[in-house]
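# An overview of the molecular structure
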Amino acid sequence: MKYRINDNCIACGACEMNCPVGAISMGDGKYEIDPDKCIACGTCASVCPMGAPEEVEE
């Protein structure tokens, strides 16, 4: 499963700094995950203080 960032994102940048493949970048007011780059490692979800990254079915 891949991840996406929900509206709980507070744009702190923790996910972007910790993504091992650079799949996360700032979007319109919140961070976004490029589904083509995401390797579904779950690192973003483990470091997010708001629980914004969530698994989605491919």
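About the thresholds
- Residues numbered from 1 in each chain as written.
- Predicted model: local features only at pLDDT ≥ 70, side-chain atom pairs only at ≥ 80, totals over all residues.
- Heavy atoms only, no water.
- Helix = DSSP H or I, 4+ residues; strand = E, 2+ residues; numbered from the N terminus.
- Rg over C-alpha atoms; globule rule 2.2 N^0.38 Å.
- Buried < 20%, exposed > 50% of the residue type's maximum accessible area, 1.4 Å probe, protein only.
- Contact = heavy atoms within 4.5 Å.
- Lys, Arg positive; Asp, Glu negative; His and termini not counted.
- Charge placed at Lys NZ, Arg CZ, Asp CG, Glu CD.

### Points about the overall build of the protein chain
Scanning the protein chain from N- to C-terminus turns up 2 helices and 4 strands. Counted from the first residue to the last, the protein chain has its helices and strands arranged as β-α-β-β-α-β. For 58 residues, the compact-globule formula gives about 10 Å, and the C-alpha radius of gyration of the protein chain, at 10 Å, lands near that figure. The dimensions of the protein chain, computed from C-alpha atoms along their principal axes, are 25 × 20 × 20 Å. For the protein chain, buried positions account for 33% of its 58 residues. Of the contacts formed within the protein chain by residues at least 6 apart in sequence, a portion of 57% connects residues at least 24 apart. For the protein chain, the separation between the mean place of its 4 positive charges and that of its 10 negative charges on side chains is 2 Å.

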